[in-house]
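Residues per chain, in single letters:
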Amino acid sequence: MDGQQFQIIAQQVIEKAQQRGASMSEAFLASSKELLIEVSNQVVETLKMAEERGLGVRIFKDGRMGFAYTADLNPAQIDQIIDEALANSRQSTVDDGNVLPKPAPKYPALDLYDPQINSVPVEHKIELTRQIERIGRQYDPRVKITEKAGYEDSEYYVTIVNSYGLNVSYRGAYCGAYLMVVAEENGDNQTGFGMQYRRKFRDLNATQIGQEAAEKAVRMLGAKKINTQKVPVVFDPYVATNFLGILAPALSAEAVQKGKSLFAGKVNQLVGSDKITLIDDGMLPDGIASSPFDGEGVPTARTVLIERGQLKGFLHNTYTAAKDGVVSTGNGMRSSYKGTPEIGTTNFYILPGELSVEELLKDIASGLYVTEVMGMHTANPISGDFSVGAAGLWIENGQLAYPVRGVAIAGNILDLLASIDAVASDLTFFGGRGAPTCRVAKMTVSGS
């Protein structure tokens, strides 16, 4: 089904919904095509292709909102879900936040579709996955086991039309590859991973992915335990993005309005060190989460949430913006046509500094460079408290000395943000979240 057909269906939905008494209505149509390849010991274990398309309808009447969706785009079924959405609206409560966005004067122009992702034969993608595994396994004889070697890509098309005359569409695609291996020596097993997600197929680097996974596994062999002590702690980019998982829900306007955000009432106050600037940017060139508009048709934007430690604001969709009397930041996100827009991040990242990683480490006499945390899902996004297991490399005299396991770190995310005294220049994205290496001045590391 092409974009023109989506346009025709969407317009018909709006016309019928308005004829049946809707005050406002919206049609959200999406289609996607996905490929997954997994290889182990050079043998293809998984080859999965999936296609999906569907329609979600939101109808507003008398201040109430109703929603229904279908994967069947035949006229009779579309008529039925319009009726279902109207019926569902009668069961919901009146809410002055139930509004739809009007058309914007312009939308960001973004290059989100690489035709090569579709045109490269599956056989070539399989060989790329095998190559990544070979590079990882050949890096060092101690790399013995492949846990996962995979490639995936996705193409998608989105159309949103509403009764205010909003009518927008876009096409996007991305691809990614990853490797997880296990290194063994003297009965010790350690795991390492490498991964990349890119907008353009040619930007995937098999050598980097394979070598990164193997290097991370090998460098953790022979890991030691350490005594409990208070030292500088350095978070590598991947670990730093894990902490962004605590911050994201707390920076949602919905969480603030419900009294569930640790940042409530702190706009224009210092909530971190002046080294921290936190941005959500739905227009980021080549960003995996970039799009010209969000799940409601609002243009995406670059939103500075924390600037040099000062809280500047929150992420909004149309509903929360209406409640607060502000403009949506373009963060009404939909994972599929089966749901209504929730607040979510796009390309969510800490702005890099100017130091190299070597410069950031050089004046640490003793400290911990954290490369892995366990149990981050147990962190409390309302209070900001966390307690996680950790592993990494011990720092001595500014150099990475030996691997460390079996330690724990705990605290509060606000205290952590306030204690960051250096940020490196190595901003790295893992999907839609990115961070550079960050150094915390002092933190208790609980060991044996």
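Our subject is the structure that appears above.
Residues numbered from 1 in each chain as written. Predicted model: local features only at pLDDT ≥ 70, side-chain atom pairs only at ≥ 80, totals over all residues. Heavy atoms only, no water.

What to know about the packing of helix α1 (residues 3-19) against helix α2 (residues 75-91)
Here's step 1: Their axes nearest at 10 Å, the elements α1 and α2 cross at an angle of 45 degrees. Here α2 runs oblique to α1, going by the angle between their axes. Both α1 and α2 take part in a crossing whose hand is right-handed. Listed contacts from α2 to Ile9, Val13, Lys16 and Ala17 of α1 are Pro75, Ile78, Asp79 and Ile82. (Axes fitted to C-alpha atoms, helices over the stretch in contact; angles between N-to-C directions. Helix = DSSP H or I, 4+ residues; strand = E, 2+ residues; numbered from the N terminus. Parallel < 35°, antiparallel > 145°, perpendicular 65-115°, else oblique. Left-handed = near helix turned anticlockwise from the far one by under 90°. Contact = heavy atoms within 4.5 Å.)

Things to note about the packing of aromatic side chains
Here's step 1: Per the counting criterion, the structure on display carries 14 aromatic pairs.
Here's step 2: With a centroid separation of 6.2 Å and an interplanar angle of 80 degrees, the aromatic rings of tyrosine 107 and phenylalanine 293 are classed as edge-to-face. Linking tyrosine 107 in the loop between α2 and α3 (115-119) with phenylalanine 293 in the loop between β8 (278-281) and β9 (302-307), this pair joins segments that are 186 residues apart in sequence.
Here's step 3: Here a set of aromatic residues connected by ring pairs shows up, and it is made of Tyr107, Tyr156, Tyr170, Tyr174, Tyr197 and Phe293.
Here's step 4: Between arginine 171 and the ring centre of tyrosine 113, over which it is positioned, the NZ or CZ distance is 4.0 Å.
Here's step 5: Against the face of phenylalanine 193 rests lysine 216, its NZ or CZ located 4.0 Å from the ring centre. (Phe/Tyr/Trp six-rings, centres within 6.5 Å; stacked < 30°, edge-to-face > 60°. Lys NZ or Arg CZ within 6 Å of the ring centre and 35° of its normal.)

Points about the pairing of strand β14 (residues 366-374)
Here's step 1: Summarising the sheet, strand β7 (residues 229-235) and β14 pair through 3 bridges and their orientation is parallel. Its bridge partner being in β14, phenylalanine 235 is matched across the sheet by valine 370.
Here's step 2: Of the strand pairs in this sheet, β14 and strand β15 (residues 385-396) are connected by 8 bridges, and their pairing is antiparallel. Bridge pairing links methionine 374 to glycine 389 in β15. (Pairing = 2+ DSSP bridges.)

Description of unusual backbone geometry
Here's step 1: Even without glycine at this site, asparagine 268 takes up a positive phi of about 70 degrees.
Here's step 2: With respect to the helices and strands, asparagine 268 occurs in the loop between α7 (253-257) and β8.
Here's step 3: With a phi angle near 50 degrees, arginine 308 is a residue other than glycine that sits in the positive phi range.
Here's step 4: Here arginine 308 lies in the loop between β9 and β10 (310-311).

Describing the pattern of salt bridges
Here's step 1: Applying the stated criterion across every chain, the model contains 23 salt bridges.
Here's step 2: The partner of arginine 58 in a salt bridge is glutamate 296, with the nearest N and O atoms 3.3 Å apart. Here arginine 58, found in strand β2 (residues 43-61), pairs with glutamate 296, found in the loop between β8 and β9; they are 238 residues apart in sequence, far enough to count as distant.
Here's step 3: On the basis of relative accessible area, glutamate 296 is assigned to the buried category, the value being 2%.
Here's step 4: The partner of lysine 323 in a salt bridge is aspartate 96, with the nearest N and O atoms 3.4 Å apart. In this pair, lysine 323 sits in helix α8 (residues 318-324) while aspartate 96 sits in the loop between α2 and α3, placing the two residues 227 residues apart along the sequence. (Salt bridge = Lys/Arg side-chain N within 4 Å of Asp/Glu carboxyl O. Buried < 20%, exposed > 50% of the residue type's maximum accessible area, 1.4 Å probe, protein only.)

Notes on the nonpolar core
Here's step 1: Residues Phe235, Phe243, Leu247, Leu251 and Phe263 are the most contacted members of the largest nonpolar core, which totals 50 residues.
Here's step 2: Considering each element in turn, this core owes the most residues, 8 residues, to helix α6 (residues 237-250).
Here's step 3: With 28 residues, the next largest nonpolar core counts Ile135, Cys175, Ala177 and Leu204 among its residues. (Core = buried A, V, L, I, M, F, W, Y, C linked by side-chain atoms within 4.5 Å.)

Considerations on the pairing of β7
Here's step 1: Of all 7 residues making up β7, 5 are buried, and the element is well covered by its neighbours.
Here's step 2: Both β7 and strand β20 (residues 438-446) contribute to a ladder of 6 bridges, which runs antiparallel. Paired with lysine 230 across the bridge in β20 is threonine 444.

Side note on the sheet that holds β2
Here's step 1: What the 6 strands build is an open sheet, ordered β3-β2-β1-β4-β5-β6; its pairing is antiparallel. Strands with a single pairing partner mark the edges of an open sheet, and in this sheet they are β3 (64-70) and β6 (188-198). Direction aside, the axes of adjacent strands within the sheet are offset by 20 degrees on average.
Here's step 2: As defined by bridge partners, strand β4 (residues 143-162) adjoins strand β5 (residues 167-185) across 17 bridges and the pair is classed as antiparallel. Of the residues in β5, the one forming a bridge with threonine 146 is valine 181.

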